Amino acid sequence: MSETVHRPYPGWNVLEKWDSPSFNDATREVLRKRLQEVPARRFFTAGEWPAVEALCDTVLPQDDRADPVPLANWIDATLHEGRGNGTRRADMPAPPEAWRLGLAALDAEARARGAADFALLGADARAALLRDVDAGRLRADWQGLPARRFLRNLVMAEVVAIYYSHPAGQSEIGFGGPASPRGYVRLQPGRADPWEAPPGAWEDTP
Amino acid sequence: MTIPDRPGPRAVDGRAPDVFSRDGSVAMRQFPDREEVDFAIVGAGCGGGVLAAKLAEAGFSVVAFDAGPFWRPLSDFASDEREQEKLYWLDPRISGGDDPLEFGQNNSGRAVGGSSVHFQMVALRFRPDWFAARSRLGYAVDWPVDWRTMWRYYDEVERACAISGPANYPWGPKRRYPYRAHEVNAAGQVLARGAEAMGVPWAPTPLATVSAPRGKSPPCVYRGMCKIGCSTNAKQSVLITYIPRALDAGAEIRDSAMVGRIETENGRATGVEYHRDGQWRFQRARNVVCAGYSIETPRLLLNSANGAHPHGLANSSGTVGRYLMAHLNDAVWGVMDEEIRWYKGPPSMACCEHWNYTDDKDFDGGYSFMSQGPLPTDFARTLVTNEGVFGHDLRRQMTLYNRMAGLKMVGETMPQASNRVTLAEERDDFGLPRARVAFSHCDNDRRMQRHARDFMGRMLKAAGGRDLLETGATAHLMGGCRMGDDPETSVTDSDGRTWDIPNLWICDGSLMPTAGGVNPSMTIMANAARIADRIGALAAQHEPERAHG
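Each chain has its residues counted from 1, running along the sequence as written. Written order decides the labels, with chains lettered from A and ligands numbered from 1. Confidence filtering applies because this is a predicted model: local features only for residues at pLDDT of at least 70, side-chain atom pairs given and counted only at 80 or more, and all residues used for totals across whole chains, interfaces and linings.

1. Thoughts on the overall build of chain A
Inference 1: Counting from the N terminus, the helices are the DSSP runs of H or I reaching at least four residues and the strands are the DSSP runs of E reaching at least two. Across its full length, chain A carries seven helices and one strand.
Inference 2: Based on the C-alpha atoms only, the size of chain A along its principal axes is roughly 55 × 40 × 30 Å.
Inference 3: Taking all 206 residues of chain A together, 44% fall into the buried category.
Inference 4: Here, residues touch in the contact sense if the C-beta positions derived from the backbone fall within 7 Å of one another. Considering only contacts within chain A whose residues lie at least 6 apart along the sequence, 69% involve residues at least 24 apart. Remark: C-beta atoms are placed from the backbone, and a residue is labelled buried if 20 or more other C-beta atoms sit within 10 Å of its own, exposed if 12 or fewer do, or partly exposed between those counts.

Set out below in structure tokens:
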């Protein structure tokens, strides 16, 4: 299934400013690593991996991208490094355990819907399953894991944190991208500096 | 657990990082552990950083500890949301209650300079009546400080941070900002248009980023990444204002040094046990000041319990950790007809304090609200956690990023004893018990939240916003070790000196008895500047020991 997303900024690529005053060395180093040193799977098992990839693909489908942002790899790296976000809800286990429980529960939900596991469901069925989970329509045992919170605050929040800090995600929405030392001059509505995305091609009613 | 990309101690061998250089350093006085310094300050942010500078300038010997690194913004800060998470306190706090708080990027820094390294620079003052909330407005409690005193110290810290603000600020007693206001960006103009349509005043937000050159700070270039650290030093954070002053005056800043425990003997604090460069050490001190903010300060006092103080230090009243407050941070978002490109400029360039200064409403306390400019992942996270939107719907919604505008409140929650910090069983990498936080809103909080969502929604609509979306959140922390006039119901007196231990002090946002409907940084800094002067005055009177009643 391929659904098209209207893209108001076709052709805009923040990376074209790589050698411009919008990029400083610190930013170039961070992005060079992000683009060139995609970490291999270390945290998830080979058995879990298809479910992680299917989950990322459901939360943020990239069927229109020849070179998709490797969401699953970066999630794996975060968990492998034990990087936190400062908060653990009292009713949630630590992220590594929560992810393992959550993936197992998604497989169980898929089985309750007649599939072998989550990764083997079609895209529409996976999306429907996630909508059920988000709405609390659970058919499997989540072993005490708060399902919606797992989905929204661990999975979705992490996926968007990776996707929209990636130059591909930033370019898609017409974000200016890195901006240091050069910032912006034109702050008025409908105005853009020459080093920003040109005016968006908007459908009549967005 | 490893925390990636954090440098080890940089303030070593008599040198500290020069924050205005890419890799330079400045001379720094250092004190051996065995030397009994006048003040060991735990935390070098808006409370401890200001205090360290002023005490050192007054001639005291000072060591200020910070758990986080000593950054050089020009070379350490990337234009990247994910990388810059290194500015936040990422170690988990265990969060419970009916309305669990989010920490990390929301309210907790971990760096020399504290949360001011990543704050969005909104520099507002309390409404004067809030310092006497109980006696003048009939809710919560009074501060043990007169508003006129605080007003003088707001002047002082606003000068120290060269706040850029309007010539005529519409609310409260007159104030004069040292630098002119910034040009209001498109996102701020949406608020302005809405305010005019609703018949309420608005103002360019007073901001702690300079609108003209100042010393080694260039004027703000409107790169819009204030929340992930200013890489040009236009932002007047504590890191580039008070910390250099502290170093100049002979204070030592001990970075990447986690204080785990305060020792006491015969009813007095004797120093702090801290972890730096792989080992635990002990710094002797005549006075110890907790300045770790609303979670770490109570955590440290509770974890320092000993035979003489079985429930934690300074906790004879049972108040340590209690009356923790946050700000309601609900927002309304809408799609505008034209491109706003809200990523340009500081995120909140226009503000409205109408409901802080208007008392005809169905709740106690007040709220302000500001225009918004979240960076992409910040906004996407708001969408997914609030709405659960995903898939192509999410990508479609995010393509409207450049046409979005938003209004977000900073709303005063009520101090409640049951909103509190305690110690969890689980321990962190240093072997210290993690903080456990319980937080639940009261009915007044919810009434305020409804009022603000309704008002901001109508205003955004009046400004031309369509497809409105409401989201909920909290921001900032206040309280947890409040000051007061009564040792039975507060942790410290009005000087920040704990009632129980005469040479143990607190100087940070945890002292705040009420939250106020404005961002807390300036109030924390003004209070710290005031406490520094009080300590100087007490010392001049040769009153090292207060008579305990």
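Here the narrative resumes, following the displayed structure.
2. Comments concerning the overall build of chain B
Inference 1: Scanning chain B for helices and strands turns up 12 helices and 22 strands.
Inference 2: Between the two quantities, the radius of gyration covers C-alpha atoms and the globule rule is 2.2 Å times the number of residues to the power 0.38. By the compact-globule yardstick of 24 Å for 549 residues, chain B fits well, its C-alpha radius of gyration being 22 Å.
Inference 3: Projecting the C-alpha coordinates of chain B onto the three principal axes gives extents of approximately 65 × 50 × 45 Å.
Inference 4: Counting only contacts in chain B whose residues sit at least 6 apart along the sequence, the fraction spanning at least 24 positions is 73%.

3. Observations regarding the interface of chain B and chain A
Inference 1: The interface of chain B with chain A comprises 64 residues on the first partner and 57 residues on the second.
Inference 2: Of all the elements in the fold, those that place two or more residues in the side of chain B that touches chain A are helix H2 (73-76), strand E5 (93-96), helix H5 (186-198), helix H9 (376-387) and helix H10 (392-398) of chain B.
Inference 3: The element best represented in the side of chain B that touches chain A is H9(B), accounting for six residues.
Inference 4: Here the residues of the side of chain B that touches chain A are counted per class, giving 26 nonpolar, 20 polar and 18 charged.
Inference 5: In short, DSSP must find at least two bridges between two strands for them to pair. In this sheet, E5(B) lies alongside strand E1 (residues 87-89) of chain A in parallel orientation, the contact comprising three bridges. Along E5(B), the bridge assignment pairs Arg88(A) with Ile94(B). Under the convention adopted here, Pro, Cys and the residues Ala, Val, Leu, Ile, Met, Phe, Trp and Tyr are nonpolar, Asp, Glu, Lys and Arg are charged, and Gly plus all remaining residues are polar.

4. Some details on the sheet that holds E1(A)
Inference 1: Taken in spatial order, the four strands line up as E1(A)-E5(B)-E19(B)-E18(B) in an open sheet, and their pairing is mixed. Looking at strand neighbours, the two that pair on one side only are E1 of chain A together with strand E18 (420-427) of chain B, the edges of this open sheet. In this sheet, adjacent strand axes meet at a mean angle of 35° when their direction is disregarded.
Inference 2: Here an angle of 0 to 180 degrees is reported between the N-to-C directions of two axes, which are lines fitted to C-alpha atoms, with helices fitted over the stretch in contact. Helix H7 (residues 293-303) of chain B contacts E5, E18 and strand E19 (433-438) of chain B of the sheet and is inclined by roughly 65° relative to E18(B).

5. Some points on H5(B)
All names here are of chain B.
Inference 1: In a helix, the anticipated span is given by 1.5 Å times the number of residues less one. With 13 residues, H5 should cover 18 Å at 1.5 Å per step; its first-to-last C-alpha distance of 19 Å lies within 8% of that length.
Inference 2: Among all positions in H5, only Ala186, Ala187, Gly188, Gln189, Val190, Leu191, Arg193, Gly194 and Ala195 are buried.
Inference 3: Immediately downstream of H5, the backbone of Gly199 shows phi near 75°, a positive value.

6. Examining the nonpolar core
Inference 1: The biggest cluster of nonpolar side chains holds 224 residues, and the ones touching the most others in it are Ile41(B), Val50(B), Leu51(B), Ala52(B), Val62(B), Ile253(B) and Val289(B).
Inference 2: The leading source of residues in this core is helix H6 (residues 147-163) of chain A, at 11 residues.
Inference 3: The contacts of Ile41(B), once residues within four sequence positions are left out, are Gly48(B), Leu51(B), Ala52(B), Val62(B), Ala64(B), Phe65(B), Val289(B) and Ala291(B). Throughout this description, the term nonpolar core refers to a group of buried Ala, Val, Leu, Ile, Met, Phe, Trp, Tyr and Cys residues whose C-beta atoms join them within 7 Å.

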